[in-house]
Amino acid sequence: MNRKTLFELALPNKSIVSDNSCYINEQKKKKICEALKIANFSQHIITFINEFAGISIMVSVDKHLFQSFDIILPRANTVNIRERLEIGRVVCCGQKIPVSFDNLKNSYFLGQNLLNANDEEDLFRYFLSKDSVLPINILPETTQILKNVVRYGDHQNDINILLAHFETSHISITEPQKDFIQEYNNIEGESKSGYHFKININPQSKFINCNTLSDNTLDSMSPINRISLNESISFLRVGEIDDLTVPIWISSDGFLFTDQGNKLGRTIEEAWQTILLD
């Protein structure tokens, strides 16, 4: 099997296959493949790494959210571990689970779970399908980081004053948005990677009303505006992530989105996990 066949497999699934192999150091790849051969790894997996290292498969979790399976160049210090070799990882909303090849069992594993894949075609068919989408799993690390965030400004987080202003301004705030304001407004902190985030909903916060948008301006709209118009969803800007460079919004149905129209999670908690651990 080669990359062309993989791209052909992806077409019916409407999945996205990206070839990032140009970022792989070919000399390093050659040395690792030679080390694998010396360590008596299967020629099958050596050929797999040679052909597919640098490939990423994106499968949709829903319309605005994706999971990726990224095939990596194994680390040199794992080559001598003859039983199992990490060949990639699945990334979904802060979860990062290794995909490995067990040399003795001639089998693929997702974490500790055996995958029903006899060869790379079976492996790719699985990760091209929605069956591979990881279930929601809020990790203890996510909860711990959230506990350490700093609350600033109004420590009581009096939502009534803010809601009264929105009502006076004819801004309709839904129950999911109210719940988010009550729980998370006026906090700031750092993600696991050290990126600063801040939630600050105030009377000057921007609001996108899907009922006031027009088809006539669709081409010039930002991604978040297009989603608002096409799906009849309103958005309230709630803060910034990634060192305060990326605005985030909460939709009227209670999901967090970036300015680019990317959904951050299937629940608010999972969205926080994406912000904190990705």
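What you see is a predicted model; the values in this text were computed from it and never measured.

Cut-off values and rules
Counting of residues starts from 1 at the beginning of each chain's written sequence and follows it residue by residue. Two thresholds apply to this predicted model, a pLDDT of at least 70 for residue-level local features and 80 or more for giving and counting side-chain atom pairs, whereas whole-chain, interface and lining totals are computed over all residues. Computation of side-chain values: all heavy atoms of the structure, hydrogens and water removed. For helices the rule is a DSSP run of H or I covering at least 4 residues; for strands it is a run of E covering at least 2, with both sets numbered from the N terminus onward. In this scheme, a residue with accessible area under 20% of its type's maximum is buried, one over 50% is exposed, and one in between is partly exposed, where area comes from a 1.4 Å probe on protein chains only. Pairing between strands requires that DSSP locate at least two bridges from one strand to the other. Here a Phe, Tyr or Trp ring, Trp counted by its six-membered ring, pairs with any other such ring whose centre lies within 6.5 Å, and the pair is stacked when the planes are under 30 degrees apart, edge-to-face when over 60, and tilted otherwise. The rule is short: NZ of Lys or CZ of Arg within 6 Å of the ring centre and within 35 degrees of the ring normal puts a charge over the ring. Orientation is described by axes fitted as lines to C-alpha atoms, over the contacting stretch for helices, and by angles from 0 to 180 degrees between their N-to-C directions. Throughout this description, any angle smaller than 35 degrees is read as roughly parallel, any larger than 145 degrees as roughly antiparallel, any in the 65 to 115 degree range as roughly perpendicular, and the remainder as oblique. Note on contacts: a residue pair is in contact if any heavy atoms of the two residues lie within 4.5 Å. Amino acids outside the nonpolar list (Ala, Val, Leu, Ile, Met, Phe, Trp, Tyr, Cys, Pro) and the charged list (Asp, Glu, Lys, Arg) are all regarded as polar, and Gly is one of them. Note on definitions: salt bridges are taken to be side-chain nitrogens of Lys or Arg within 4 Å of carboxyl oxygens of Asp or Glu.

1. A closer look at unusual backbone geometry
Trans is the common state for peptide bonds, and a negative phi is the common state for residues other than glycine.
Stage number 1. We note that Asn 106 has phi near 55 degrees; this positive angle belongs to a residue other than glycine.
Stage number 2. With respect to the helices and strands, the residue Asn 106 is situated in the loop between strand 5 (95-102) and strand 6 (107-110).
Stage number 3. Its identity is not glycine, yet Asn 186 carries a phi of approximately 65 degrees, on the positive side.
Stage number 4. Here Asn 186 is to be found in the loop between helix 7 (175-184) and strand 9 (187-190).

2. Digging into the pairing of strand 13 (residues 246-251)
Stage number 1. For strand 13, the tally of buried residues reaches six of six residues, placing the bulk of the element in the interior.
Stage number 2. With burial as the criterion, each face of strand 13 is covered, one bearing Val 246, Ile 248 and Ile 250 and the other bearing Pro 247, Trp 249 and Ser 251.
Stage number 3. Two elements, strand 12 (residues 235-241) and strand 13, share six bridges in a ladder whose sense is antiparallel. Of the residues in strand 13, the one forming a bridge with Glu 240 is Pro 247.
Stage number 4. In sequence, strand 12 turns back onto strand 13 through a hairpin of four residues, with Asp 242 there showing a positive phi of about 55 degrees.
Stage number 5. Of the strand pairs in this sheet, strand 13 and strand 14 (residues 256-258) are connected by three bridges, and their pairing is antiparallel. The residue of strand 14 that forms the bridge with Ile 250 is Leu 256.

3. Comments concerning the packing of aromatic side chains
Stage number 1. The final tally for this structure, using the stated rule, is 11 aromatic pairs.
Stage number 2. Between the aromatic rings of Phe 48 and Tyr 108, the centroid separation amounts to 6.2 Å while the plane-to-plane angle is 55 degrees, which identifies the pairing as tilted. With a gap of 60 residues between them, Phe 48 in helix 3 (residues 43-52) and Tyr 108 in strand 6 connect regions that are remote in the sequence. Residues Phe 48 and Tyr 108 agree in their burial class; the two are buried.
Stage number 3. Each ring, one from Tyr 126 and one from Phe 127, has its centre 5.1 Å from the other, and the planes form 70 degrees; the classification is edge-to-face.
Stage number 4. Residue Tyr 126 is classed as partly exposed on the basis of its relative accessible area of 26%.
Stage number 5. Each residue in the set Phe 48, Phe 52, Phe 101, Tyr 108 and Phe 124 is aromatic and connected to the rest through ring pairs, giving one cluster.
Stage number 6. Over the ring of Phe 109 we find Arg 84; its NZ or CZ atom is 3.7 Å from the centre of that ring.
Stage number 7. The ring of Phe 255 carries Lys 263 above its face, with NZ or CZ at 3.9 Å from the centroid.

4. As for the packing of helix 3 against helix 4 (residues 120-127)
Stage number 1. Two elements in contact, helix 3 and helix 4, have axes whose closest approach is 12 Å; the angle formed by their N-to-C orientations is 50 degrees. Of the possible angle classes, the one that applies to helix 3 and helix 4 is oblique. Every residue of helix 4 that contacts helix 3 at His 44, Phe 48 and Phe 52 is listed here: Glu 120, Leu 123 and Phe 124.
Stage number 2. Tallied by class, residues from the contact of helix 3 with helix 4 come to four nonpolar, one polar and one charged.

5. Notes on helix 9 (residues 268-277)
Stage number 1. Counting buried positions along helix 9 yields nine of 10 residues, so the element is predominantly enclosed.
Stage number 2. Of the residues making up helix 9, those classed as buried are Ile 268, Glu 270, Ala 271, Trp 272, Gln 273, Thr 274, Ile 275, Leu 276 and Leu 277.

6. Examining the sheet that holds strand 6
Stage number 1. Read across the open sheet, the seven strands follow the order 1-2-3-4-5-6-7; overall the sheet is antiparallel. Of all strands in the sheet, those bounded by a partner on one side alone are strand 1 (16-19) and strand 7 (113-114).
Stage number 2. Examined bridge by bridge, strand 6 and strand 7 share two bridges and lie antiparallel to one another. When the bridges of strand 7 are listed, Leu 110 appears paired with Asn 113.

7. Describing the pattern of salt bridges
Stage number 1. Overall, the coordinates contain 14 salt bridges when judged by the stated rule.
Stage number 2. A salt bridge links Arg 89 to Glu 86, with the shortest nitrogen-to-oxygen separation between them at 3.6 Å.
Stage number 3. The closest approach of N and O atoms between Arg 266 and Glu 270, which form a salt bridge, is 2.7 Å. Pair check on accessibility: Arg 266 and Glu 270 agree, each one buried.
Stage number 4. Because the salt bridges share partners, they merge into one network encompassing Arg 3, Asp 19 and Glu 51.

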